[in-house]
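Here is how the chains run, residue by residue.
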Amino acid sequence: MSEGRAVFPIEPWALTEVGLDRGALGAHESVFALANGHIGMRGSFEEGEPVAVPGTYLNGFFEERPLPYAEVGFGFPEMGQTVVNVTDGKLIRLLVNDSPLDLTYGEIIDHQRTLDLKAGVLRRSTEWRSPGGRTVRVSSTRLVSLVRRSIAAIEYRVELVDDLGDLYVALQSDLLANEDGQASEDDDPRAAAALASPLQCELAAARGRRAVLVHHTKQSKLRVAAGMEHVIEIPDSCTEDVEAVGDLARYTLAARIPPGGSLTLVKFLAYGWSSRRSAPALRDQVEAALATARLAGFERLLREQRELLAQHWDEADVEIEGDDELQQAVRVGMFHVLQAGLRGERQAIPAKGLTGPGYDGHTFWDTETYVLPVLTYTAPNAARDALIWRHSTLGLARERAVVLGLRGAAFPWRTIRGEETSGYWPAGTAAFHINADIADAVVRYHSATLDEAFDRDYGAELLIETARLWASLGHFDTEHGFRIDGVTGPDEYTAVVDNNVYTNLMAQRNLREAAAAVGRQPDVAARLEVTDDEVEAWLRAASLMAVPYDTQRGVHMQSDGFTHHEEWDFATTPRSKYPLLLHYPYFDIYRKQVVKQADLVMALHLRGDAFTLEEKIADFAYYEPRTTRDSSLSATQQAVVAAETGHLELAHQYWAEAALTDIQNLHHNSGHGLHIASLAGGWTVAVAGFGGLRDHGGELSFAPRLPDRITRLRFRVVYRGRKLTVTVEPDRATYRLVDGEPLAIRHHGRQVTVDHADLVLELPPAPEVAPVTQPVGREPCRRSRIR
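Residues numbered from 1 in each chain as written. Predicted model: local features only at pLDDT ≥ 70, side-chain atom pairs only at ≥ 80, totals over all residues. Heavy atoms only, no water.

### Side note on the sheet that holds strand β15 (residues 210-217)
What holds strands together in a sheet is hydrogen bonding between their backbones, with the strands either parallel or antiparallel. Our working definition: One bridge is not enough; two strands pair if DSSP finds at least two bridges between them. The way it works is that DSSP assigns letters per residue, a run of H or I at least four long becomes a helix, a run of E at least two long becomes a strand, and they are numbered from the N terminus. Angles run from 0 to 180 degrees between N-to-C directions of axes, and those axes are lines fitted to C-alpha atoms, restricted for helices to the stretch in contact.
Pairing is antiparallel across the open sheet formed by nine strands, whose spatial order is β1-β9-β10-β11-β12-β19-β16-β15-β14. Of all the strands in the sheet, the pair left with one neighbour each is β1 (14-18) and β14 (199-207). Across the sheet, the axes of successive neighbouring strands diverge by a mean angle of 15°, strand direction being ignored. One ladder, built from seven bridges, connects β15 with strand β16 (residues 223-233); its direction is antiparallel.

And the structure:
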């Protein structure tokens, strides 16, 4: 087999790479990453070579670094935070006679690896002939446990394929800290900052087949422990050795394999980190975890993983008939979303999950706006944990608000621990909408679960403190009502504006929901010293919220005056100059009618209750030709609104773009890590786009329609202790409760009650609308062109 472009066969429950594509190593390491919300391991090869970024990450573990400014300003964050590539336990180097197995040398006879979405493992099989002429088949099964938060494991098997006599092999199973290889592209602000040897060794211990390393960071003062334990099956005699010094712990196994024979090594891994525990305490913690993992055994770990995923898919699966490629992509995306958050346990969900160092491992608004809706309706406990993490940073958000001269809480645009770490004000601190996005996620979770304890202990306080922010950030104007000036909405090509419609409408909901929370939780309100006058001011601000509208053009303005800005000259903008942020000065971008990602259009989705259908149709038609989709966040929202406004085929195209973002590396930076929010969009477009799910005002409603190619769509949602199944066909929708009490919903505006029998309802025709266009060169990605 010669090297070239890898092939991804279309299959419903797996993603398989056939062949080795060295040019796509980084992107494929991201796509084949395994994680559980606490541990993340990129899909690099056990042998360590070839490799692009060999990362292993622990959620919340980072190093601090000063933020550089040409000119400092009051309120600018001083320190940045960067995720650390912690001790790598994936390494199992193989020496065949005197030749190391490296897929860049010798001859690859056959190679493939598979991400199994039902088993939750990464399988790999490689048949390789060494430069010395010996042929072996190496197979591995890698697992990051979704059940046991601190555990990962690898089964590594070497089979002798040729008949040239006995073969002597050596395996070197490593723990390696301060590993080289974190790629960074200096001209891309989305890449990670480089860290030079961020880990300092405190403890290295080894005995038998077990070793542990403990390190700490220099600035953030965090401590991490990594441990490994081994079980072997060998056909003949062997020698063993183990050592641990500084940044390296190594277990070495040398063995003789007779013709037709094989050897198997199972490597158990355990990780833990803390800002408080001592090095001996962390060592003992991972050793105990290793002991329980070894006692359970590799087969039990596999069984636990498969059982957990079977339950998850039973509650969350999306079935698509008519587009097999999209079916595969949506399930891959949902799997990675689950991996990103399931066992985070009160830690953040980073924009890249734990699949790469992109964006320095930071969490942004897309967690609450893109990822948590998926988890709320499919794995609500994971959504709860992520929101509790936000609440744990409330003290820091209050401090930030004080620095900014505001009341309440000002949550950071980007962070790992809770401090603001964005060094660019217009697209950082000025994007205050993140506070309303957090409030929106709180409201959605509480409405979908009726979790009274969460509302009392966390949710109400988050709503109240974010409402206080809006009340102090905005002001009443006799002509325009309640204004919120000097902010940046989701569109980072239009910064520091007045009355961004998305921001204002999300703030409006935030204010009203905070008032409702005060009524539900009087004890919380009393503790926070909320007064009747304060609540009255919130409600008045909400009722008078400014929503700019251009009466001449008959559309909403994304922000004050936006529709009067000069148009961007798309006709003369080469395709090679996208994304614009890498090729044009922000000064030129900010003053033109050019939209990086859905902004006003996003308001049509998340605050659709504030618009008529006619307004949505007009607004979508106006902003579509001005939106470049230079952000992976855009296609999802455009797809949802396109489906609602009658552009069903366009919605289908955008659905594929969102779901295939990383499998096809559409933004050319998947090597930095996966675009978790875009992958979440595969579910969102299915359920909110073609299923028409909306949850405005605490009421669940659906308005399903299908594009021509899709003949059947079925999805499940978990809602208030019930499991609801929705099946959409071209002319009808079928609703059915799998369990729980009867549920009142709306179907295309009609109120109905769903129980355990099929409720079959007809679909009204879609609105008849004129086709819309995109900027020249920014049409939806055609799959026939990008495969």
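### Focus on the sheet that holds strand β4 (residues 56-58)
The strand order across the open sheet built from three strands is β2-β3-β4, with neighbouring strands paired in antiparallel fashion. Across the chains shown, the open sheet's two edge strands, defined by having one partner strand only, are β2 (34-35) and β4. Two strands pair when backbone bridges link them, and strand β3 (residues 39-41) and β4 are joined in this way by three bridges, in the antiparallel orientation. Residue pairing for β4: G40 is matched across the bridge by Y57.

### Things to note about the packing of aromatic side chains
Here a ring pair, both rings aromatic, is described through the centre-centre distance and the interplanar angle of the planes. Heads up, the rule is: Two aromatic rings, drawn from Phe, Tyr or Trp (for Trp, its six-membered ring), form a pair once their centres lie within 6.5 Å of each other, and the interplanar angle then sorts them: stacked below 30 degrees, edge-to-face above 60, tilted otherwise. With a 1.4 Å probe rolled over the protein chains alone, any residue whose accessible area is under 20% of its type maximum counts as buried; one over 50% counts as exposed, and the rest are partly exposed. Note on criteria: charge over ring means Lys NZ or Arg CZ within 6 Å of the ring centre, with the direction from the centre no more than 35 degrees off the ring normal.
One pass over the structure, following the stated rule, counts 23 aromatic pairs. Ring centres 5.9 Å apart and planes at 80° place the aromatic pair W365 and Y370 in the edge-to-face group. Judged by its relative accessible area of 2%, Y370 is buried. A cation over a ring is seen here: R331 above W13, with NZ or CZ 3.7 Å from the ring centre. Against the face of Y622 rests R626, its NZ or CZ located 3.8 Å from the ring centre.

### Remarks on empty space enclosed by the protein
Basically, it comes down to this: Method remark: on a 1 Å grid restricted to protein atoms, a set of points is classed as a cavity if a 1.4 Å probe fits but cannot get out and as a pocket if it is open with protein on both sides within 12 Å along at least five of seven lines; lining residues have an atom within 4 Å of a point. Grid points are joined across faces, edges and corners, and a volume is the space filled by probe spheres set on the points. Charged means Asp, Glu, Lys or Arg here, nonpolar means Ala, Val, Leu, Ile, Met, Phe, Trp, Tyr, Cys or Pro, and polar covers whatever is left, Gly included.
What the rule picks out here adds up to seven cavities of 30 Å³ or more. Considering the residues around the largest cavity, the lining is formed by 16 residues, among which P373, R444, H605, L606 and A688 are closest to the centre. For the lining of the largest cavity, the secondary-structure elements that each account for two or more residues are α5 (366-378), α14 (600-606), α16 (634-644) and α18 (676-690). The biggest single contributor to the lining of the largest cavity is α5, with four residues. For the lining of the largest cavity, the residue count by class is seven nonpolar, six polar and three charged.

### Here we look at the pattern of salt bridges
Applicable threshold: Only one rule defines a salt bridge in this text: a Lys or Arg side-chain nitrogen within 4 Å of an Asp or Glu carboxyl oxygen.
All told, the structure shown has 66 salt bridges when counted by the stated rule. Where D440 meets R444, a salt bridge forms, and the shortest distance between an N and an O atom there is 3.1 Å. Of this pair, D440 and R444 both sit in helix α8 (residues 433-449), four residues apart, which is roughly one turn of that helix. For the residue pair D440 and R444, the accessibility class agrees, reading buried in each case. Salt bridges linked by common partners bring R398, R407, E461, E465, R468, R527 and E534 together as one network.

### Some words on the pairing of strand β31 (residues 743-747)
Of the two faces of β31, only the one carrying L743, I745 and H747 is buried; A744 and R746 on the other face are not. Summarising the sheet, strand β27 (residues 701-702) and β31 pair through two bridges and their orientation is parallel. Across the sheet, the residue bridging to F702 is H747, located in β31. Taken together, the five bridges between β31 and strand β32 (residues 750-754) define a ladder with antiparallel strand orientation. Across the sheet, residue R746 finds its bridge partner in β32, namely Q751. Between β31 and β32, which pair antiparallel and follow one another directly, the connecting turn spans two residues, one of which, H748, has a positive phi of 50°.

### Some points on the nonpolar core
To keep things clear, this is the line we draw: To form a nonpolar core, buried Ala, Val, Leu, Ile, Met, Phe, Trp, Tyr and Cys residues must be joined to one another through side-chain atoms within 4.5 Å. We call two residues contacting when some pair of their heavy atoms lies within 4.5 Å.
Of all hydrophobic cores here, the largest spans 204 residues; its most connected members are W538, W655 and L713. Excluding its chain neighbours within four sequence positions, the residues that come into contact with W538 are I464, A467, R468, A471, L511, A514, A515, V518 and V530.

### Considerations on the side chain of T628
Considering the arrangement of structural elements, one finds T628 in the loop between α15 (613-623) and α16. Residue T628 is classed as buried on the basis of its relative accessible area, which comes to 0%. Those residues in contact with T628 that lie beyond four places of it in its chain are Y493, F570, Y578, L580, V594, V595, K596, P775 and R778.

### Focus: the side chain of S631
How we decide: Pairs of N or O atoms are called polar contacts if they sit within 3.5 Å, as long as, within protein, a hydrogen donor faces a hydrogen acceptor (for residues adjacent in sequence, only side-chain-to-side-chain pairs).
Turning to its location among the elements, S631 is positioned in the loop between α15 and α16. Only 3.0 Å separates the side chain of S631 from the backbone nitrogen of L633, close enough to count as a polar contact. If we ignore the near neighbours within four places in the chain, the residues touching S631 are K596, Q597 and H667.

### Remarks on the packing of α5 against α18
We count it as follows: Each angle receives one of four descriptions, namely roughly parallel if under 35 degrees, roughly antiparallel if over 145, roughly perpendicular if within 65 to 115, and oblique otherwise. Crossing handedness: left-handed means the near helix sits turned counterclockwise from the far one by under a right angle, and right-handed means the same turn made clockwise.
Contact pair α5 / α18: the axes reach a minimum separation of 9 Å and the direction vectors enclose 45°. When the axis of α5 is compared with that of α18, the two are oblique. Crossing geometry of α5 relative to α18 is assigned as left-handed. Each of D366, Y370, V371, P373, V374, Y377 and T378 in α5 lies in contact with α18, whose residues at this interface are I676, A677, A680, W683 and T684. Looking at the contact of α5 with α18 residue by residue, the class counts come to nine nonpolar, two polar and one charged.

### Thoughts on the pairing of strand β9 (residues 107-116)
When β1 meets β9, the two strands line up antiparallel, connected through five bridges. Paired with L15 across the strands is L115, a residue of β9. Remark: four residues form the turn of the hairpin made by β9 and strand β10 (residues 121-129), two consecutive strands paired antiparallel; G120 in that turn has positive phi of roughly 70°.

### Comments concerning unusual backbone geometry
Glycine aside, negative phi is the norm for most residues, and most peptide bonds take the trans geometry. In the segment running from E49 into P50, the intervening peptide bond is cis, with an omega of -10°. Relative to the elements of secondary structure, P50 occurs in the loop between β3 and β4. One non-glycine residue with positive phi stands out, namely D360, at about 60°. Topologically, D360 is positioned in the loop between α4 (324-341) and α5.

### Details of the environment of A686
As for its placement among the helices and strands, A686 is situated in helix α18. Given the relative accessible area of 0%, A686 is considered buried. C-alpha separation for the pair A686 and S631, spaced 55 residues apart in sequence, amounts to 20 Å. Contact partners of A686, with chain neighbours within four places excluded, come to V318, W655, G691, L713 and F715.

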